[in-house]
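Residue strings, one per chain:
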Amino acid sequence: MYKIVEPLFIICETPLHAGTGSDLGIIDLPIQRERHTQYPKIEASGLKGALRVAFEDKTIDTFKINEHKVKIQLSFGYDPDGKNTEKVKKEEDGQFAGALGFSDARILLFPVKSLKGTFAWVTCPNVINKFIKDMSICKIKPDFTYINNDENTVVNNPILTINTEKTEVVLEDSLLTVKENENTTKIAEYFSKVIFPQTEEYIYWSELIKKNFIIISNDTFKDFVTLATEVITRTKINNETGTVKDGALFTEEYLPSETIMYTLSMFSPLFQNGSVFNNPYWQDEINEYAVRDFFRTSLPEVVQIGGNATLGKGLVKFNKYDSDTPENSNKKEGDVK
């Protein structure tokens, strides 16, 4: 039973392909999507696997290498094929589950080409209201309200509008009528605080989201996330002829850079204490807060998720939810029911 649940925000630094394998549709290699909404997602198993690899590959002080390996096994679960597994676990001991879990990563903000302002981060009432509900699982109450309408709304003083009345925007090839909205402004300001690390290199992006943020209708959002992803045609060249090799032409779908997603990271006490290991770390019963602290302090700054790692695809930045800031002070300790 998970005792602590916290949001973890995912910022796509490069296009990301979390694929489903081959497909008979227009795109040969599509991305993962929710069945009922067709919104993009990243399966929890793939997300957890990528994080585990990142934890295993992280450079650790020589004197803490064995301790780090033990904590990875206890947090992520025992993996007989993991790196240096034989050094941290006795052969006679059985399997056990990890104390760390994740939900599927959901889409939160999707970048769309804009006639003015370069691009807009778009979302919709379905996504926002689902985000509010997911935050309730984390015992977090954002400082904005549910969205009860399906209008196109923008922040106060937006940079996206193309007319002096600030009532029209052009996204991709669509002309949308919009209204300035105070709650939309609050949502943009909230996201600017929690999505991006409050560091110098992210100040520009944190401020930008307050200006080019727009909530569009559910139907329009679905159109954008299904029709406005990046689709790249890949080929393989025959070295002898210098032409495309027969049968080597295919298309891949990517989530574009600047896509924002989130997952729920979940922490429980250890399912197995440290005595099953040959190393003297985490010997006593460890609670969920120790697991959370290990994850938060050891999480690499940049992680690669999905395919085509050698092409620079799938690099993402994780931003942990800061429960110690005043705006997040409503977070309480205790079991998640």
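The structure this text deals with has already been given above.
Residues numbered from 1 in each chain as written. Predicted model: local features only at pLDDT ≥ 70, side-chain atom pairs only at ≥ 80, totals over all residues. Heavy atoms only, no water.

Chemist: Lay out the packing of helix α1 (residues 44–57) against helix α2 (residues 65–76) in plain terms, naming residues and giving numbers.
Modeler: Relative to each other, α1 and α2 sit at 170°, their axes nearing to 10 Å. Classed by the angle they form, the pair α1 and α2 counts as roughly antiparallel. Where α1 abuts α2, its residues Lys48, Leu51, Arg52, Phe55 and Glu56 lie against His68, Ile72, Gln73 and Phe76. (Axes fitted to C-alpha atoms, helices over the stretch in contact; angles between N-to-C directions. Helix = DSSP H or I, 4+ residues; strand = E, 2+ residues; numbered from the N terminus. Parallel < 35°, antiparallel > 145°, perpendicular 65-115°, else oblique. Contact = heavy atoms within 4.5 Å.)

Chemist: Go over the packing of aromatic side chains with me, naming the residues and quoting the values.
Modeler: Within this structure, the stated rule accounts for 18 aromatic pairs. Counting every residue linked through ring pairs, the aromatic cluster contains Phe9, Phe131, Phe144, Tyr190, Phe191, Phe213 and Tyr262. Positioned over the ring face of Tyr254 is Lys313, at 5.2 Å from the centre of the ring. (Phe/Tyr/Trp six-rings, centres within 6.5 Å; stacked < 30°, edge-to-face > 60°. Lys NZ or Arg CZ within 6 Å of the ring centre and 35° of its normal.)

Chemist: Hey, could you go over the layout of surface pockets for me, with residue numbers and the actual values?
Modeler: The space that makes up the largest pocket amounts to roughly 400 Å³. Lining the largest pocket are 15 residues, with Ile27, Pro30, Arg33, Gln38 and Glu253 positioned closest to its centre. (1 Å grid on protein atoms, 1.4 Å probe; cavity = no way out; pocket = protein on both sides within 12 Å on 5 of 7 lines; lining within 4 Å. Points joined across faces, edges and corners; volume = space filled by probe spheres on them.)

Chemist: Break down the pattern of salt bridges for me, citing the residues and quoting the values.
Modeler: Within the structure shown, the criterion is met by 14 salt bridges. Lys41 is paired through a salt bridge with Glu43; the nearest N and O atoms lie 2.8 Å apart. Here Glu43 falls in the partly exposed class, since its relative accessible area comes to 30%. Residues joined by salt bridges that share partners form a network here, namely Glu34, Arg106, Lys130 and Asp134. (Salt bridge = Lys/Arg side-chain N within 4 Å of Asp/Glu carboxyl O. Buried < 20%, exposed > 50% of the residue type's maximum accessible area, 1.4 Å probe, protein only.)

Chemist: Explain helix α4 (residues 182–194) to me, and be specific about the residues and the numbers.
Modeler: Quick reminder: α-helices carry 3.6 residues per turn. Residues three or four places apart thus point the same way. Compared with an ideal rise of 1.5 Å per residue, which puts 13 residues at 18 Å, α4 spans 19 Å between its outermost C-alpha atoms and is within 8% of the ideal. For α4, the complete set of buried residues consists of Asn183, Thr184, Thr185, Ile187, Ala188, Tyr190, Phe191, Ser192 and Val194. A side-chain oxygen of the first residue of α4 lies 2.9 Å from the backbone nitrogen of Asn183; this N-cap is Asn181. (Expected span 1.5 Å × (residues − 1). Polar contact = N/O pair within 3.5 Å; in protein donor to acceptor, adjacent residues only side chain to side chain.)

Chemist: I'd like a rundown of a nonpolar patch on the surface, residues and numbers included.
Modeler: Together, Leu115, Ile162 and Leu175 make up an exposed nonpolar region whose accessible area comes to about 310 Å². Note on placement: Ile162 falls in the loop between β6 (153–154) and β7 (168–171). Accessibility expressed as a relative area gives 36% for Ile162, which makes it partly exposed. (Patch = residues over 30% accessible without salt bridge, like charges linked within 9 Å, V, L, I, M, F, W, Y side chains within 5 Å. Areas by Shrake-Rupley, 256 points an atom, 1.4 Å probe, with all protein chains shown as cover.)

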